[in-house]
Every structure is written in C-alpha cells, then in structure tokens.
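Analysis of the macromolecular model
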Amino acid sequence: MRRLLIKGGRVLDPAENVDAVLDVLVEDDRVSAVGVDLSAEAEVLDASGLLVCPGFIDMHVHLRDPGEEYKEDMASGTRAAARGGFTAIACMPNTQPVIDNRALVEALLRKTQNMGCVRVYPICALSKGQKGEELAELADMRQAGAVAASDDGHPVQNGQLMRLALDYLRPFDMPVINHAEDKSLTEGAVMHEGSVSTLLGLRGMPAEAEELMVARDLMLARLTGGRLHIPHVSTKGAVELIAAYKSQGFKVTCEVAPHHLLLTDKIVRETWYDTNTKVNPPLRSLEHVEALHQAIKEGVIDAIASDHAPHHQDDKLVEYDYAAFGISGLETSVGLMARRLVHEGSLSWADLIRLYSLHPARILNVEGGSLAQGVRADITIIAPELEGTVTAQAFASKGRNTPFEGWKFKGAPWGTVVGGDVVMWEGRLTGGNKVT
Amino acid sequence: MKLASRHVLDLETMPAEDMKNILDTAESMKEILGRSIKKVPTLRGKSLCTLFYEPSTRTRASFELAAKYMSADSISIATATSSIKKGETLLDTARTIEAMGVDMIIMRHPVSGSSHFLSRHVKGAVINAGDGMHAHPTQGLLDMFTMRQHLGRLEGLKVTIVGDALHSRVARSNMWGLIKMGAQVCMAAPSTLLPLDLGDLDVKVYDRLEPALEGADVVNVLRLQLERQKRGLFPSAREYSQFYGVNQERLKLASPDVLVMHPGPMNRGVEISTEVADAPMSTIDEQVTNGVAVRMALLYLLLGGADE
C-alpha cells in the first residue's frame with residue numbers, strides 16, 4: 001500500500017466545514033484520515049504554512065487534442081493543469097475530429113490514462129459535428145464518461161436545438177453548456193463594442209449579443225427543467241439575468257474566467273492591438289468587470305474556469321482580425337485570482353476554494369470538492385503568501401498566449417496530488433502520472 | 001527638427017508640434033512641386049517600399065512620386081487581398097523587404113492595427129498609408145494642410161465630416177489631427193454609419209446633415225462605400241443622396257467661404273453633387289497635389305534629411 005502523509009498544513013475544506021491545521025493521510029488513492037498529529041510509515045510532504053484544499057477543477061479547457069497538437073496535446077495540457085494547481089480539468093469537444101460519439105469519448109479517456117498527468121473529464125459535443133443541426137448521441141456519450149454537452153466554439157443559434165438538448169438530457173442529469181453569443185450581432189467582430197473599439201476601428205461585439213442568448217437559454221431551461229450551465233459570463237446584463245433566475249430557484253449555474261475579472265477592453269488600445277488580448281467573449285468595459293466582481297461577492301457566480309485556449313505563435317503573431325481568439329490560462333488562473341479576489345478583494349480562501357473545487361465538482365457531477373475520509377485523494381496545496389511574476393516562457397502549456405506576462409501573483413499553487421500521486425510539488429512538475 | 005517617433009502610424013499618437021512641423025515643411029515641398037524641374041537630391045541613396053494589401057490609385061502614386069521627387073529609390077509590392085491568408089505572412093513579407101536593404105515600408109492594409117503590429121517587428125520606419133477603419137494619417141495631414149493654406153489657420157475652424165465615419169479611417173485621422181490643432185469637429189451621417197461611441201472626445205455628432213452644416217468652415221465629404229448598402233446599413237444610394245448628399249442648396253447653410261473637400265474616389269451624385277465637386281469652393285484636385293507635398297515632407301523628416 002502506498003502512503004502519503006501531508007503534514008501540518010491548514011486544511012481548508014468548505015464542504016466539511018473544516019479550517020484547521022491538520023494532517024492528511026492518503027492510502028493508495030484515497031484519503032484515509034484527516035486529524036491532528038497523524039503518524040504513519042509514509043512519504044511525507046511538509047505542508048506547514050500551506051493551504052491543503054480539495055482538488056481544484058478547471059471546468060473549461062481546450063486541450064486541442066486530437067487534431068491541433070501543435071497548439072497543445074494531452075501531455076502538455078494536463079502538465080499545465082498540474083502546474084496550475086488543478087487535479088482535474090474538463091475539456092471541450094471542438095477538436096478535430098469533434099468529440100461527438102462514444103468511440104471518440106473512449107479514445108480520449110484512453111489517451112488520458114496513458115498520457116495525462118491530471119484527471120480529464122470529456123465534455124461531448126451537443127450536436128453531431130458541432131454543426132448545430134441534430135443532437136449527438138448524448139446519453140451514450142454520458143455513459144462512456146462525458147460529463148457535459150457543449151457546442152463550445154460554435155454557439156447554438158437554433159432555439160429549437162437548444163430546447164431539445166436541455167429537454168433530452170434532463171433525465172440523465174447532464175448539464176448543457178452553451179457559449180452565449182447571438183452570431184448575427186457579432187459578424188466579423190474581434191473585441192467588445194464600445195468607445196475603445198470605435199477609436200481603434202475594430203468591429204465590436206455588443207454586450208447584448210451575449211445577453212440575448214443568456215436570456216434565451218435561461219428561458220429554455222425554465223421551459224424544459226433542464227440543467228443549464230453558462231460558461232465565461234462576461235457582461236453585467238448576463239449576471240443580472242442569471243441572478244434573477246437563480247433567485248426563482250431554477251437549475252442554472254455559471255462560471256467566469258479570470259481575464260474577464262482582471263482586464264478591460266482598454267488593454268487592446270494600451271497595447272496597440274496585442275493579439276494576446278483577443279478572446280471570445282471579449283474583454284469588456286469597466287462597468288461589466290465591476291458587475292462580475294459584485295456577482296462573485298454575492299454568490300451569483302458558481303465557478304472560476306480559465307477557458308484555457310492555447311495557441312501557437314503562428315496563430316497569434318498576425319494582424320488583429322486574423323489572429324485566433326483565446327488565452328492560455330491554466331497556469332495563471334489561481335495565482336492571479338488569489339491575489340485579486342483574496343489578498344486585494346473581499347473573498348476568503350474558503351470562498352475561493354468553493355469556486356475552484358466544490359462547485360465545479362457539483363456542476364459536473366463528479367467526485368471531488370471535499371477532503372473527507374474515504375474520498376479520492378485529489379488535493380491542491382496552495383502557498384498563500386507566495387509572490388511571483390507570470391512568465392509565459394516557464395509555462396508547461398505549449399500555448400504562451402497570455403496578456404498577463406509580467407503580472408504579479410500572490411498566493412500560488414504549490415502542490416498537486418492526483419489520486420494519491422504527487423504530480424507537482426514546490427511549483428514544479430514531478431514527472432509523476434496519476435493512477436487511474 | 002526630428003519627429004518624436006520613427007514611425008507614422010496615426011495622428012492620435014503624433015504630438016501636435018510634429019504635425020505643425022510636417023505642415024510647415026510641406027509648404028517648402030509644395031514650392032518644389034511648382035518648379036519645372038521637380039527633383040531635389042535630398043534623399044539620394046535612401047530606399048523605400050510601398051506594400052499595398054488593398055487597391056489604391058492616389059495614395060500609392062502620391063508616395064511613389066514623392067519619393068522620386070526627393071531622389072529616393074522606391075519599389076512597390078501589391079498583394080491581392082484574397083491571397084493574404086493563404087500565402088506569406090505579413091511579417092515574413094516585411095522581413096524579406098527589409099533584408100534587401102529598404103529603409104522604410106509604407107503600408108496599406110485592410111485590418112485595423114496592422115501598421116502598429118508591423119512597426120513592432122521591423123528595424124526601419126513604417127508609414128501607415130491606411131489600416132482598416134483605424135487611421136490614414138497622411139490623408140489627415142494633407143487635409144489639414146489644404147485647410148490651413150486656404151483659411152490661414154486650423155484653430156477655431158468648424159470642420160464637418162459628412163458620411164460613413166463609422167468605417168472611415170479618413171474620418172478618424174481628421175478627427176484626431178483637427179482636435180489636436182484646436183478645430184471643432186462635427187460628424188454627420190445616417191445613425192447607422194456614425195461612430196458608436198467616441199467616449200469623452202470633443203466631437204459633435206449629428207444624425208441629420210443640415211444642423212451639422214450650419215456655419216461650417218470646411219465640409220469634408222467621405223466616400224460612401226456602396227457595399228455597405230448590401231449589409232443593410234442604409235436602404236439605397238438614392239435615399240442616401242436625398243438626405244445626406246452634399247449639394248449646392250444645402251451648402252447655403254455653411255459659411256459663405258466654405259471649403260468642400262473629398263479624399264476621393266468620389267461617387268458623383270451620391271455623397272457629393274457634381275456641381276459642388278467642380279465648383280471653385282472644391283479643393284479636391286488640390287488635395288491630391290498637397291498629398292504629394294505632405295508625403296515629401298514626411299519622407300524628408302523620417303529618412304534622415306532633417307539631421308544633415
């Protein structure tokens with residue numbers, strides 16, 4: 001039996017209401033005890049001064065594998081996740097081919113077992129080929145291990161298809177995730193529509209393009225009773241709509257991406273069209289960013305997810321209109337959010353852990369979010385006061401596309417334990433693989 | 001006196017004293033254009049390349065003649081818009097040109113921000129000859145030069161820009177330049193063609209033409225891109241002309257000495273009537289001449305003539 005003893009850390013487990021300096025004993029892939037001064041013949045990790053948390057889950061990741069391995073692949077993407085403090089990620093199906101049938105879900109899971117160093121939960125396509133025409137075999141893929149259905153990258157424009165997906169998946173308790181964008185309002189658009197886009201001469205996406213679709217999807221969730229999850233919420237109107245539906249008791253959840261909390265559209269002008277600022281949904285104006293912070297405080301936002309979208313330099317070192325959308329976010333998420341939301345904001349560490357661990361686990365209906373005795377030993381360890389600087393060159397991800405180069409973080413991932421395996425420690429990958 | 005930047009990318013980032021310097025220098029360049037032998041040896045041994053990713057008649061010819069009149073060597077590369085994405089990247093093309101020893105790249109490109117992007121990756125100078133909807137700084141400068149020659153000043157002038165300012169780099173460069181030089185800028189167009197949000201910039205925006213023309217010292221008419229109609233931004237050229245076309249009747253609202261300008265090419269009978277375009281108050285041909293003078297001034301100031 002393999003034993004791992006994590007000694008002397010501040011164990012923070014909001015699900016179990018635990019916040020105390022305790023030891024955590026892991027036997028094989030399970031937590032066997034959490035208590036004071038545990039001793040065992042075991043590999044020991046000294047966690048004094050560190051936060052020991054249930055494993056963080058980034059529920060919105062583009063792994064690019066299969067098909068675009070030059071941007072990211074299973075190995076590099078999961079290493080980036082481990083380095084970023086995540087024990088698990090959910091990956092989007094807009095690969096080549098699109099993950100839209102059981103065989104592809106199974107192939108992805110096999111690849112995870114062979115090459116992944118954190119847990120990977122596949123999100124399957126909602127429609128065949130992500131074409132937005134007819135439902136994919138969603139229940140079959142659910143059975144094979146898919147955790148949610150999404151045409152991410154290809155927002156569902158057809159209301160009837162969205163209705164059918166929500167309705168059909170209700171008995172399978174599988175969330176539908178829809179990138180909320182009315183494409184008829186965003187043709188050729190590359191940033192947020194407002195004074196900055198006007199002055200730069202770039203086509204803008206109005207906030208309303210997102211809000212209209214959020215409103216539609218909420219109404220369809222109400223109509224069907226299906227489970228809706230709204231990814232990367234970025235506008236004031238969208239969070240207001242979500243808050244209103246939540247207060248009426250509807251089954252809706254949402255996530256926000258760190259870049260939407262940290263940057264405004266002004267950065268596009270300040271950097272004179274740096275394509276690392278190009279992302280969809282776009283970086284919004286200040287009133288929207290402030291509304292997102294307010295929504296986090298009020299508990300309207302359920303999760304933080306990076307929308308990790310790694311790209312090769314060839315896809316970014318081009319004219320703004322031609323550049324790919326997306327930010328490589330796995331390795332900056334926790335450090336930047338800890339600084340902004342905990343050290344400089346009003347969130348507690350427990351609040352942050354809910355957003356990164358407990359809530360994503362619940363939304364995806366996967367094991368995790370707790371460190372109670374007997375649970376799977378997926379553990380994230382944070383150095384709460386550690387300060388440093390974002391350096392894209394140090395990323396494990398192949399995608400170095402970040403607008404946060406040189407930014408200061410405070411509070412950073414220190415250790416990642418997946419199923420009892422230490423895959424990252426002292427901020428460095430150990431080369432270990434998870435046990436599956 | 002050198003310019004603050006080795007590049008000319010837009011008028012937003014150009015200091016007002018640089019604009020004034022360029023306009024002053026252009027006065028003496030215009031004198032050269034009036035000579036029977038229009039050639040000075042000032043830029044002998046310098047070379048430049050015009051790199052145009054969009055069609056152009058006057059801007060490109062203007063730059064190339066400006067270079068020849070100053071004795072610089074120029075080459076031109078035209079890239080069909082349709083092959084941009086398939087073929088060589090902009091940076092590779094630019095590096096290739098630089099590797100041949102070119103001192104300056106003058107680029108026109110359909111994507112906003114391309115000149116800023118290019119300027120970060122080349123050793124030589126970059127002049128923006130129009131990037132998407134963003135900027136056309138030499139057009140802004142030549143328009144201001146023309147106004148100043150006729151009216152003696154820029155400060156305090158009421159300049160009304162008529163037409164599709166939403167999509168117009170000419171409008172943006174006029175706006176930034178004129179604001180910095182102390183003019184009052186107005187814009188008039190159908191509301192679907194007006195800039196969405198100019199933030200806290202001091203620009204008066206009108207969705208009807210008549211109030212914008214009242215007392216105007218200069219009316220700068222923009223070309224109406226007829227393809228905008230296909231995207232539904234206005235119902236028809238006929239209706240546009242009926243409500244927003246600049247004609248003699250409407251110009252009675254403007255100052256009696258009003259100048260009428262147009263960057264070309266014109267749609268006669270749509271945004272501007274032929275009677276107005278060919279009237280004495282029109283500076284349209286003169287703008288073209290001034291364009292050469294202003295570009296000669298820029299080449300002189302950027303390619304090291306100024307430090308001799």
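Owing to the predicted nature of the structure, the values given are computational and were not obtained by experimental measurement. (Residues numbered from 1 in each chain as written. Chains lettered and ligands numbered in written order. Predicted model: local features only at pLDDT ≥ 70, side-chain atom pairs only at ≥ 80, totals over all residues. Heavy atoms only, no water.)

1. Some remarks on the overall build of chain A
Keep this limit in mind: Under the DSSP-based scheme used, a helix requires at least four consecutive residues in state H or I and a strand at least two consecutive residues in state E, with every element numbered from the N terminus. It is over C-alpha atoms that the radius of gyration is taken, and the globule rule equals 2.2 Å times the number of residues to the power 0.38. Only protein chains enter the calculation, and the probe is 1.4 Å; a residue is then buried if its accessible area is under 20% of its type maximum, exposed if over 50%, and partly exposed in between. Here the Shrake-Rupley method, with its probe set to 1.4 Å, supplies the accessible areas, and only the displayed protein chains count as covering residues. This count recognises Lys and Arg as positive and Asp and Glu as negative, with His and chain-terminal groups excluded. To locate a charge, take NZ of a lysine, CZ of an arginine, CG of an aspartate or CD of a glutamate.
Tallying secondary structure elements over chain A gives 13 helices and 19 strands in all. Against the compact-globule benchmark of 22 Å for 436 residues, chain A has a radius of gyration of 20 Å, which places it among compact chains. For chain A, the spread of C-alpha atoms along the three principal axes comes to 65 × 45 × 45 Å. When the 436 residues of chain A are sorted by exposure, 63% land in the buried category. Total accessible area on chain A stands at roughly 15,300 Å², and carbon and sulfur atoms take up 47% of it. Within chain A, the 59 negative side-chain charges are centred at a point lying 1 Å from the centre of the 43 positive side-chain charges.

2. Considering the interface of chain A and chain B
Accessible area lost on assembly of the parts is the figure often given for the size of an interface. The condition that has to hold: Any two residues having at least one pair of non-hydrogen atoms within 4.5 Å are treated as being in contact. Summed over both partners, the accessible area lost on bringing two parts together, with a 1.4 Å probe, is the buried area. Within this document, salt bridges are pairs made up of a side-chain nitrogen of Lys or Arg and a carboxyl oxygen of Asp or Glu, the two lying within 4 Å of each other. For the purposes of these results, a polar contact is taken to be a pair of N or O atoms within 3.5 Å, where, inside protein, one atom must be able to donate a hydrogen and its partner to accept one; residues adjacent in sequence count only when each atom of the pair is a side-chain atom.
Chain A puts 20 residues into the contact, and the matching count from chain B is 31 residues. Where chain A abuts chain B, roughly 2,100 Å² becomes buried across the two surfaces, and 60% of that area is made up of carbon and sulfur atoms. Of all residues in chain A, L199, W272 and E319 of chain A bury the most surface against chain B, accounting for 30% of the area lost on that side. One can count one salt bridge joining chain A with chain B. Where E12 of chain B meets R269 of chain A, a salt bridge forms, and the shortest distance between an N and an O atom there is 2.3 Å. For the pair chain A and chain B, the number of links is nine residue pairs in polar contact (both at pLDDT 80 or more). Examining the composition of the side of chain A that touches chain B, we find that four residues originate from one element, helix 5 (residues 195-200) of chain A, more than from any other.

3. Examining the packing of aromatic side chains
For clarity, the cut-off: Whether two aromatic rings pair depends on their centres lying within 6.5 Å, for rings of Phe, Tyr and Trp, where Trp uses its six-membered ring; planes under 30 degrees apart make the pair stacked, over 60 edge-to-face, and the rest tilted. In this scheme, the term charge over a ring applies when either NZ of a lysine or CZ of an arginine sits within 6 Å of the ring centre and within 35 degrees of the ring normal.
Overall, the coordinates contain 11 aromatic pairs over all chains when judged by the stated rule. Look at Y245 of chain A and F250 of chain A: their rings are 5.6 Å apart centre to centre, the planes differ by 45°, and that puts the pair in the tilted class. For Y245 of chain A, a relative accessible area of 8% gives the class buried. On the accessibility criterion, F250 of chain A (29% relative accessible area) is partly exposed. Ring geometry for Y240 of chain B and Y244 of chain B: centres 5.8 Å apart, planes at 35°, overall tilted. With a gap of four residues between them, Y240 of chain B and Y244 of chain B both fall in helix 9 (residues 237-244), about one helical turn apart. Per residue, the accessibility class of Y240 of chain B equals that of Y244 of chain B, and both read buried. Ring pairs connect the aromatic residues F56, F86 and Y356 of chain A, which therefore count as one cluster. Directly above the ring of F325 of chain A sits K278 of chain A, whose terminal nitrogen or CZ lies 4.6 Å from the centroid.

4. Here's the deal with the environment of T186 of chain A
Residues and elements named next belong to chain A. By the element assignment, T186 lies in the loop between strand 10 (176-177) and strand 11 (191-192). Since its relative accessible area comes to 6%, T186 is described here as buried. Sequence-distant contacts of T186, defined by excluding residues within four places in its chain, comprise E181, M205 and A209.

5. Comments concerning the side chain of R284 of chain A
Residue and element names in this part refer to chain A. Position of R284 relative to the elements: it lies in the loop between helix 9 (266-270) and helix 10 (286-297). The buried category is assigned to R284, whose relative accessible area is 4%. A polar side-chain atom of R284 sits 3.0 Å from a polar atom in the side chain of H192. Once residues within four sequence positions are removed from consideration, R284 is found in contact with H192, M205, P206, A207, E210, S234, T235, L263, T264, D265 and V289.

6. As for the pattern of salt bridges
Charged atoms that come close allow side chains of opposite charge to pair. Residues and elements named next belong to chain A. Under the counting rule described, the total for this entry stands at 39 salt bridges over all chains. When the shortest N-O distance is used, the salt bridge between D73 and K398 registers 3.0 Å. Taken as a pair, D73 in the loop between strand 6 (56-61) and helix 1 (74-83) and K398 in the loop between strand 16 (379-389) and strand 17 (408-418) lie far apart in primary sequence, 325 residues in all. Taking relative accessible area as the criterion, D73 reaches 15% and is therefore assigned buried. Here D378 and R376 are joined by a salt bridge, their closest N and O atoms 3.7 Å apart.

7. Comments concerning the domain arrangement of chain A
All names here are of chain A. For clarity, the threshold we go by: An automatic or database domain assignment provides the domain bounds reported here. Amino acids outside the nonpolar list (Ala, Val, Leu, Ile, Met, Phe, Trp, Tyr, Cys, Pro) and the charged list (Asp, Glu, Lys, Arg) are all regarded as polar, and Gly is one of them.
Here chain A is partitioned into domain 1 (3-51 + 375-385 + 406-429) and domain 2 (55-364). Each of domain 1 and domain 2 has a C-alpha centre, and these two points are 28 Å apart. If you look at the interface, domain 1 gives 26 residues, while domain 2 gives 26 residues. Approximately 2,200 Å² of surface area, both sides summed, lies buried where domain 1 meets domain 2, with 68% of it carried by carbon and sulfur atoms. For the pair domain 1 and domain 2, the number of links is one salt bridge. With a closest N to O distance of 2.7 Å, R119 and D378 form a salt bridge. Where domain 1 packs against domain 2, one counts nine residue pairs in polar contact (both at pLDDT 80 or more). Looking at the side of domain 1 that touches domain 2, the elements with two or more residues in it are strand 1 (3-13), strand 16, strand 17 and strand 18 (421-425). By residue class, the composition of the side of domain 1 that touches domain 2 is 15 nonpolar, five polar and six charged.

8. With respect to helix 12 (residues 284-302) of chain B
Residue and element names in this part refer to chain B. The test is simple: For a helix, the expected span equals 1.5 Å multiplied by the residue count minus one.
Helix length check: helix 12 (19 residues) gives 27 Å between terminal C-alpha atoms against 27 Å at 1.5 Å per residue, within 8%. Burial runs high along helix 12: 14 of the 19 residues are buried. Of the residues flanking the end of helix 12, it is G304, one or two places downstream, whose phi is positive at about 90°.

9. A few points about the side chain of S328 of chain A
Following the sequence through the fold, S328 of chain A ends up in the loop between helix 11 (313-316) and helix 12 (333-343). You can call S328 of chain A buried: its relative accessible area is 1%.

10. Side note on the pairing of strand 2 (residues 73-78) of chain B
For clarity, the threshold we go by: Pairing between strands is defined by DSSP: at least two bridges between the two strands are required.
Bridge count for strand 1 (residues 47-52) of chain B against strand 2 of chain B is six bridges, and the pairing is parallel. Bridge pairing in strand 2 of chain B links F52 of chain B to A78 of chain B.

11. Looking at unusual backbone geometry
Residue P281 of chain A follows N280 of chain A across a cis peptide bond; omega there is 0°. Here P281 of chain A shows up in the loop between helix 9 and helix 10. In this structure, P265 of chain B follows G264 of chain B across a cis peptide bond, with omega equal to -10°. Along the chain, P265 of chain B falls in the loop between strand 9 (259-261) and helix 11 (274-277). A positive phi is found at D307 of chain A, a non-glycine position, where the angle reads about 50°.

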